[in-house]
Amino acid sequence: MLAAVATIVSATHLDAAGAAVLWLALVSLVAVGFRVTVRVRIRTTHHNIAWTETAILIGLALAPAPMVVLATGVGVAIATALARVPPLRAVFGVGKNILVASSAGLVLGATGWTGPDTSASAVIASIALAYVAAVVVDEVITLPVIAMATATPITQLFRRDWDLRLAGAAARLLVIIGTVLTLSFDQRLLLAVPPLVLSLHLLYSNRVKTRTEQQAWQRLARTTDALNVVELDTVLTTAVTQAAELFSADEVEIELRHSGRTVRGGAGGITHDGPAGEPDPADGTVLDTPLEGHDRTADVGVLRLRFSGPVQLSEREQYTLRTFASALCTAVRNAQAYAELARVAAEHAYAATHDALTGLANRRHLLDQGAEQLGSRHAEGVTALVLIDLNHFKEVNDTLGHAAGDQVLVQVAERLRAAAQDGDLVARLGGDEFAVLLRGLPAPAVAAHRAESLLAVLHDPFDLDGMRISVEASGGIAAAPASGGMAELLRRADVAMYQAKRAGQRISTYAPTRDTADIGRLTLGGDLSRAVADHEFTVNFQPIVDLGTGVVIGAEALARWHHPTHGMIDPLRFLEAVERSGLLPAFAEAILDQALIAAGSWRDAGFDVPVAVNVSPRSLLDARFPGSVLARLRAHDLPPDRLVLELTETLTLSQLDVVDRVLSRLRDEGVRLALDDFGTGYSSLSLLSRIPVHELKIDRSFVTAMESSAEAAAVIRSTLDLGRSLDLTVVAEGVENEPQRRALWELGCTAGQGHLFARPTPAGTLLATLRRGSGGSPGVLVPPLHDSGAVIRLAPGRRPATRGRTDRHLPA
């Protein structure tokens, strides 16, 4: 309507019809400027960035404004007709350019423009102001239309590519000014204008194409990055909304093949999420792209782009679509795999914390929850534990079978679960033993009343396939102790339960005076601090002997506690308390110091005997342990290979990476490592694959039983074969007599220790024994099995040393 008004006004102000050549020139100039464009697709519509303003301004400089306005309308109409532009877009293009020409003509007239024959500064100023007016009107009319088509804020459109648009406008202005100035000097110079305009057009088109592709790849990169999440819902929502923007699609649909799920929507969000259904019928274009990886082996579904009109993607857009589909396929597969792993992990976590038969919490879960409750500073009320044991339950299993016993256990669990209050934790500890953790009690005495109600629900007979049987139960109650944690609470409840059984009562509450636990061990634990400070811990040494020659090739340090009241205490009674206390580092350092002092004294006396020291697994969790060991070796001036650290088999060793780092540093420094009690743990071979030991020590239980048990002999034989294949020294513990010594030797074992050679003795006593020797040979404890020279032992270097180990025994 505004363009129609401008057309009528221009027609009424047209002074003369003008020369036909001028009309033809103006119409042709506008039509060519409108057709020479940079094409950009927005959804199903292609928008063209044309040179129309340039043609209009050149026309205004040469002809009257009303003529240019009318010629602009005619030229654009002819150009749109030749290009077969849809009528609505054609009318929009004609109207917009008429308004652009009108506004530029008005501004040019307002500047007093009389023609290109004026001064150059006047030409530049007038043309520049008119061009700015044309550009502003063009932007004001065009940007809102694009904003509505793309659902993009108009301010964001205005800021987008402002530098490129400004550079293009400046280039056009220079062309306009140059053309007008050329006309004022010599019209023959116009021959140079078409090549210049063409060069600028190609340059600007290339810049626009490069910028468009760069932005497209950046959007693709941001989109694929946004897909790197593990929740499938987030992946699908992100893919739909981002794909709608990335490909200017009116609607995006993702259909997952195996689950039958379909997600549909656009840039504004999700409109459908559920089973595959028929989309709303709409004319237009639908592009299907399979969701498959680069290898095209994993087809997880289909990505559909819907457009309201005809659309043909460019080669770059097609490649972008395939890349996006591949990234979406990977994201969907990863999210599905994560969901499956989470489901399996949840099942495993549940199975790890619940009893498979009854569905109740198991012992582990009870201990964890109890420890968390007791360790919480914000826990309200009193925490107590009720331990319930079914009396004579074995008779049910023996009489009716285990299936009937399982039914009883399930029904017991159901009744206890129903009787428990919110916040209570019911657990099955194993067999016929149950526990209920009571939390938030107002007073300890309330626990007894709660326990009575729990046991009361077990009083009624149980129905087993038509039979009604009665099961009695005993219960023990214990309130949370001031120290000792959940383990102590469970122990006290167990003590109370057995007190109830012994007294013939149904329920008993824990009483410290009736606790017959090992109070002596607790007393010893309280003496540890003083014992470390007063050097009450001493070390005895048991020699390790070459079974063939009888020569001492090492000695194992064994800790003893010389208690001022209880006398000499065996380590089995105090080591556990030491490990639980915070005195383990000081205790380990004291034992290590005594062992290294002894080794140094033997070495000074001419017996270069390595010393073996047992290491607690807890010490291996201390990253400072290797530094402490190496510092003491330096302090006592002993080479690292004169120390052997004996490790016990424990799952902790194979599970914690910090242990690997500690042991690797010690081994790299030259300290030798031995695996003690080999064959008795659960992870012997897996430990060998992770811990670079030098020696294996066969547990004494196998040596004791080897003469009467074929299985024990087979274990020893297998251990020796393993040691030979890995080039490890194998030491047999518990060698008590000559037949055992000879049998081990014949199996290929070259080293052993036990009472046959010597009992554990102080370092000075062992040194005297070494000096005294056997048969006049110092360092020999027993006569050799063979005469000298009768046995030829290959040096360790003759065997393939796959792990760089060397034997610690002396050559024959």
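What counts, and at which threshold
Residues numbered from 1 in each chain as written. Predicted model: local features only at pLDDT ≥ 70, side-chain atom pairs only at ≥ 80, totals over all residues. Heavy atoms only, no water. Helix = DSSP H or I, 4+ residues; strand = E, 2+ residues; numbered from the N terminus. Contact = heavy atoms within 4.5 Å. Pairing = 2+ DSSP bridges. Axes fitted to C-alpha atoms, helices over the stretch in contact; angles between N-to-C directions. Parallel < 35°, antiparallel > 145°, perpendicular 65-115°, else oblique. Left-handed = near helix turned anticlockwise from the far one by under 90°. Nonpolar A, V, L, I, M, F, W, Y, C, P; charged D, E, K, R; others polar. Salt bridge = Lys/Arg side-chain N within 4 Å of Asp/Glu carboxyl O. Phe/Tyr/Trp six-rings, centres within 6.5 Å; stacked < 30°, edge-to-face > 60°. Buried < 20%, exposed > 50% of the residue type's maximum accessible area, 1.4 Å probe, protein only. Lys NZ or Arg CZ within 6 Å of the ring centre and 35° of its normal. Polar contact = N/O pair within 3.5 Å; in protein donor to acceptor, adjacent residues only side chain to side chain. 1 Å grid on protein atoms, 1.4 Å probe; cavity = no way out; pocket = protein on both sides within 12 Å on 5 of 7 lines; lining within 4 Å. Points joined across faces, edges and corners; volume = space filled by probe spheres on them. pLDDT = per-residue confidence, 0-100. Core = buried A, V, L, I, M, F, W, Y, C linked by side-chain atoms within 4.5 Å.

A. Representation of the environment of Leu-643 in the model. Relative to the elements of secondary structure, Leu-643 occurs in strand β19 (residues 643–648). In the structure, Leu-643 is positioned 48 residues away from Ala-595 in sequence and 9.0 Å away in space, judged by C-alpha atoms. Beyond its immediate stretch of four places on either side in the chain, Leu-643 contacts Leu-592, Leu-596, Val-611, Val-613, Val-629, Leu-633, Val-671 and Arg-672.

B. Seen up close, the sheet that holds strand β14 (residues 507–509). Read from one edge of the open sheet, five strands run β9-β10-β8-β13-β14, paired in mixed fashion. The open sheet has two edge strands, β9 (425–430) and β14, and neither has a second partner. With direction set aside, neighbouring strand axes in the sheet form an average angle of 20 degrees. Sheet strands touched by helix α15 (residues 446–456): β8 (382–390), β10 (433–441), β13 (473–479) and β14. Its angle to β10, the strand with the most contacts, is close to 140 degrees.

C. Just the packing of helix α3 (residues 52–62) against helix α5 (residues 87–110), in detail. In the contact formed by α3 and α5, the axes pass within 10 Å of each other and the chain directions differ by 40 degrees. The orientation of α3 relative to α5 falls into the category oblique. The crossing of α3 and α5 is right-handed. Each of Thr-52, Glu-53, Ile-56, Leu-57, Leu-60 and Ala-61 in α3 lies in contact with α5, whose residues at this interface are Asn-97, Val-100, Ala-101, Ala-104, Gly-105 and Leu-108. Considered class by class, the residues forming the contact of α3 with α5 number eight nonpolar, three polar and one charged.

D. View of the packing of helix α4 (residues 65–82) against α5. At a closest axis distance of 9 Å, the pairing of α4 and α5 adopts a crossing angle of 160 degrees. If you check the angle between α4 and α5, you find them roughly antiparallel. Between α4 and α5 the crossing geometry is right-handed. Where α4 approaches α5, its residues Ala-65, Val-69, Thr-72, Gly-73, Val-76, Ala-77 and Thr-80 are matched on the opposing element by Ala-90, Gly-93, Val-94, Asn-97, Ile-98, Ala-101, Ser-102 and Gly-105. Tallied by class, residues from the contact of α4 with α5 come to eight nonpolar, seven polar and no charged.

E. Up close: the pattern of salt bridges. Following the criterion strictly, the structure yields 31 salt bridges and no others. In this structure, Asp-288 engages Arg-304 in a salt bridge whose closest nitrogen and oxygen atoms are separated by 3.4 Å. With a gap of 16 residues between them, Asp-288 in strand β6 (residues 285–292) and Arg-304 in strand β7 (residues 299–307) connect regions that are remote in the sequence. For Lys-697, the salt bridge identified is with Glu-646, shortest N-O distance 2.6 Å.

F. Structural detail: the packing of aromatic side chains. Here the structure, examined in full by the defined rule, presents three aromatic pairs. A centroid spacing of 5.2 Å and a plane angle of 40 degrees characterise the contact between Phe-537 and Trp-561, whose relative ring orientation is tilted. In this pair, Phe-537 is assigned in strand β15 (residues 537–546) and Trp-561 in strand β16 (residues 552–563), connecting sequence segments 24 residues apart. Summarising the burial analysis for this pair, Phe-537 and Trp-561 share the class buried. Aromatic side chains Phe-537 and Phe-587 sit 4.8 Å apart centroid to centroid with 80 degrees between the ring planes, which places their arrangement in the edge-to-face category. With Phe-537 in strand β15 and Phe-587 in helix α20 (residues 584–604), the pair connects residues that are 50 residues apart, well separated along the chain. The rings of Phe-537, Trp-561 and Phe-587 are connected pair by pair, giving a single aromatic cluster. Lying across the ring of Phe-462, Arg-415 places its NZ or CZ 3.9 Å from the centre.

G. Highlighting the environment of Arg-759. Its location among the elements puts Arg-759 in the loop between β23 (751–752) and α28 (763–772). Judged by its relative accessible area of 52%, Arg-759 falls in the exposed class. With 219 residues separating them along the chain, Arg-759 and Asn-540 place their C-alpha atoms 9.1 Å apart. What Arg-759 contacts, discounting residues up to four positions off in sequence, is Phe-541 and Gln-542. Within the local environment of Arg-759, its side chain forms a polar contact with the side chain of His-755, the two groups lying 3.1 Å apart.

H. Highlighting the side chain of Asn-97. Topologically, Asn-97 is positioned in helix α5. Judged by relative accessible area, Asn-97 falls into the buried class, the value being 2%. In this structure, Asn-97 is in contact with Phe-34, Thr-52, Ile-56, Thr-72 and Val-76, ignoring residues within four places of it in sequence.

I. Expanded view of the layout of surface pockets. If you add up the space inside the second largest pocket, you get close to 910 Å³. As for the second largest pocket, its lining consists of 37 residues, of which Glu-556, Leu-558, Pro-571, Leu-575 and Asn-614 are closest to the centre. Those elements that provide at least two residues to the lining of the second largest pocket are β16, α19 (571–580), α20, β18 (611–615), α21 (625–635), β19 and β20 (672–678). When its residues are assigned to classes, the lining of the second largest pocket shows 19 nonpolar, eight polar and 10 charged.

J. Focus on the confidence of the model for the protein. For the protein, per-residue confidence averages 80 on the pLDDT scale, and residues scoring 70 or more make up 81% of the total. Across the protein, β23 holds the top mean pLDDT of 96, while helix α22 (residues 651–655) sits lowest at 42. The model gives residues 40–47 a pLDDT under 50, and that stretch makes 35 contacts with residues more than four places away or in other chains. For residues 795–812, every residue scores under 50 in pLDDT, and the model assigns this stretch 46 contacts once sequence neighbours within four places are set aside.

K. Region of the structure containing the nonpolar core. Membership of the largest hydrophobic core comes to 74 residues, with the highest contact counts inside it found for Phe-537, Phe-541, Trp-602, Leu-643, Leu-645 and Leu-744. No other element matches the nine residues that α20 contributes to this core. Those residues in contact with Phe-537 that lie beyond four places of it in its chain are Leu-528, Ala-531, Val-532, Arg-560, Trp-561, Phe-574, Phe-587, Ile-591 and Gln-594.

L. Representation of the pairing of β13 in the model. Of all seven residues that make up β13, six are buried, and the element is covered over most of its length. Pairing between β8 and β13: seven bridges, direction antiparallel. Bridge pairing in β13 places Leu-385 opposite Ala-478. Here β13 runs beside β14; their pairing, made up of three bridges, is parallel. The residue bridging Gly-475 from the neighbouring strand is Ile-507, located in β14.

M. Here's a closer look at the environment of Pro-762. Within the secondary structure layout, Pro-762 lies in the loop between β23 and α28. Owing to a relative accessible area of 41%, Pro-762 belongs among the partly exposed residues under this scheme. Linking Pro-762 and Leu-558, residues 204 residues apart in sequence, is a C-alpha distance of 9.6 Å. Residues contacting Pro-762, with those up to four places away along its chain left out, are Val-539, Asn-540 and Phe-541.

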